[in-house]
Amino acid sequence: QKEVEQDPGPLSVPEGAIVSLNCTYSNSAFQYFMWYRQYSRKGPELLMYTYSSGNKEDGRFTAQVDKSSKYISLFIRDSQPSDSATYLCAMSALDGNNRKLIWGLGTSLAVNP
Amino acid sequence: SAVISQKPSRDICQRGTSLTIQCQVDSQVTMMFWYRQQPGQSLTLIATANQGSEATYESGFVIDKFPISRPNLTFSTLTVSNMSPEDSSIYLCSGHRGAADTQYFGPGTRLTVL
């Protein structure tokens, strides 16, 4: 079992839809939970990060963490064609003296006009 | 956030040759990392670039194949040595700064080995 599981999709939705992207994890020691967006032929771009259980909102994006269920979500409201990208979840863990990120596979999202 | 640049942005190389990728950060970061991303795949950490000392490599990656330098806090290089077609990938550098464990990424170097 991988430490972080993420459905790779692809996910296709109409413009204006609410999108839900999810990751599950097995390591209860993960501390920070992040969502990155990656456009084709670009590097990953940090969208949001959270530390504790609960919701964090930024514009049309809401990140949700449920540590008891080991489950994180990213919601996108009023989705736009410009949201079409791959969304990767990442979680941080201490490895020796360094903190490293453990990555999900990424979910490919297409928002159709 | 930190602005990170990489060069070259892409290259096509012959088998058996080596390529050095440069990564420049616009401000001081505490840690720098090198990743590989195969087409359609997630990110695989190659190593943590340590300033003034040897990089810390992940399982499956060795210094002879992927020598890394970090002479100061804002610059690092990754060399892909004795390349084979299996090394064709996107190579990404990232930097970490601040209390959270977030990382900021460069645009990547797309390498094709013939």
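Conventions and cut-offs
- Residues numbered from 1 in each chain as written.
- Chains lettered and ligands numbered in written order.
- Predicted model: local features only at pLDDT ≥ 70, side-chain atom pairs only at ≥ 80, totals over all residues.
- Heavy atoms only, no water.
- Helix = DSSP H or I, 4+ residues; strand = E, 2+ residues; numbered from the N terminus.
- Rg over C-alpha atoms; globule rule 2.2 N^0.38 Å.
- Buried < 20%, exposed > 50% of the residue type's maximum accessible area, 1.4 Å probe, protein only.
- Disulfide = S-S within 2.5 Å.
- Pairing = 2+ DSSP bridges.
- Axes fitted to C-alpha atoms, helices over the stretch in contact; angles between N-to-C directions.
- Contact = heavy atoms within 4.5 Å.
- Polar contact = N/O pair within 3.5 Å; in protein donor to acceptor, adjacent residues only side chain to side chain.
- Phe/Tyr/Trp six-rings, centres within 6.5 Å; stacked < 30°, edge-to-face > 60°.
- Lys NZ or Arg CZ within 6 Å of the ring centre and 35° of its normal.

Draft legend 1. Examining the overall build of chain B more closely. In terms of regular secondary structure, chain B is built from 0 helices and 11 strands. If you list the helices and strands of chain B from N to C, you get β-β-β-β-β-β-β-β-β-β-β. Relative to the 2.2 N^0.38 estimate, which gives 13 Å for 114 residues, the radius of gyration of chain B is 13 Å and therefore close to what a compact globule would have. When the backbone C-alpha atoms are referred to their principal axes, chain B occupies close to 40 × 30 × 25 Å. The buried share of chain B, taken over its 114 residues, is 54%.

Draft legend 2. Structural context of the state of the cysteines. Within this structure, the stated rule accounts for 2 disulfides over all chains. Two residues, C23 of chain A and C89 of chain A, share a disulfide whose sulfurs are 2.0 Å apart. Handedness here is read from the sign of the S-S torsion; for C23 of chain A and C89 of chain A, about -100°, the answer is left-handed. On the criterion of sequence distance, the pair formed by C23 of chain A in strand β3 (residues 19–25) and C89 of chain A in strand β9 (residues 85–95) is long-range, its members being 66 residues apart. The exposure class of C23 of chain A is buried, given its relative accessible area of 0%. Disulfide pairing is shown between C23 of chain B and C93 of chain B; the S-S distance is 1.8 Å.

Draft legend 3. Representation of the sheet that holds strand β1 (residues 4–7) of chain B in the model. All names here are of chain B. Taken in spatial order, the 4 strands line up as β1-β3-β8-β7 in an open sheet, and their pairing is antiparallel. Strands at the two margins of the open sheet, each flanked by one partner only, are β1 and β7 (68–72). For this sheet, the mean inter-axis angle between neighbouring strands, taken without regard to orientation, is 15°. Pairing geometry for β7 and strand β8 (residues 75–80), over 3 bridges, is antiparallel. Within the sheet, the bridge partner assigned to I68 lies in β8 and is L78.

Draft legend 4. Local environment of the environment of G43 of chain A. Tracing the sequence through the fold places G43 of chain A in the loop between β4 (33–38) and β5 (45–50). Not counting residues up to four positions away in its chain, the partners in contact with G43 of chain A are R37 and Q38 of chain A together with L92, G106 and P107 of chain B.

Draft legend 5. A look at the sheet that holds strand β8 (residues 71–76) of chain A. Residue and element names in this part refer to chain A. Taken in spatial order, the 5 strands line up as β1-β3-β8-β7-β6 in an open sheet, and their pairing is antiparallel. Every other strand in the sheet has two partners, leaving β1 (4–6) and β6 (54–58) as the edge strands with one partner each. The mean inter-strand angle of the sheet, taken between neighbouring strand axes irrespective of direction, is 15°. Alignment of β6 against strand β7 (residues 61–66), held across 5 bridges, turns out to be antiparallel. Of the residues in β7, the one forming a bridge with G54 is V65.

Draft legend 6. Representation of unusual backbone geometry. Across the junction of G9 of chain A and P10 of chain A, the peptide omega takes the value 10°, indicating a cis bond. Among the secondary structure elements, P10 of chain A is positioned in the loop between β1 and β2 (11–14). Residue P8 of chain B is reached from K7 of chain B by a cis peptide bond, and omega for that bond is 0°. By the element assignment, P8 of chain B lies in the loop between β1 and β2 (10–13). Even without a glycine there, the phi angle at K70 of chain A is positive, about 55°. Structurally, K70 of chain A is set in the loop between β7 and β8.

Draft legend 7. Geometry of the side chain of Q37 of chain B. In this fold, Q37 of chain B is placed in strand β4 (residues 31–37). Assessed through its relative accessible area of 6%, Q37 of chain B is described here as buried. Of the polar contacts made by the side chain of Q37 of chain B, one reaches the side chain of Q38 of chain A; its length is 2.9 Å. In contact with Q37 of chain B, other than residues within four places in its own chain, are Q38 of chain A together with S42, L43, S89, I90 and L92 of chain B.

Draft legend 8. Summary view of the packing of aromatic side chains. Taken as a whole and assessed by the stated rule, the structure comprises 10 aromatic pairs over all chains. Centre to centre, the rings of Y32 of chain A and Y51 of chain A are 4.9 Å apart; their planes meet at 55°, and the pair counts as tilted. Here Y32 of chain A is found in the loop between β3 and β4, whereas its partner Y51 of chain A is found in the loop between β5 and β6, with 19 residues between them in sequence. Summarising the aromatic geometry, the rings of F61 of chain B and F66 of chain B are spaced 5.6 Å apart at their centres and angled 65° between planes, so their arrangement reads as edge-to-face. The burial state of F61 of chain B is the same as that of F66 of chain B; both residues are buried. Here the basic side chain of K56 of chain A rests over the ring of Y49 of chain A, its NZ or CZ set 4.4 Å away from the ring centre. Positioned above the aromatic ring of Y51 of chain A is the side chain of K67 of chain A, whose terminal nitrogen or guanidinium carbon lies 5.2 Å from the ring centre.

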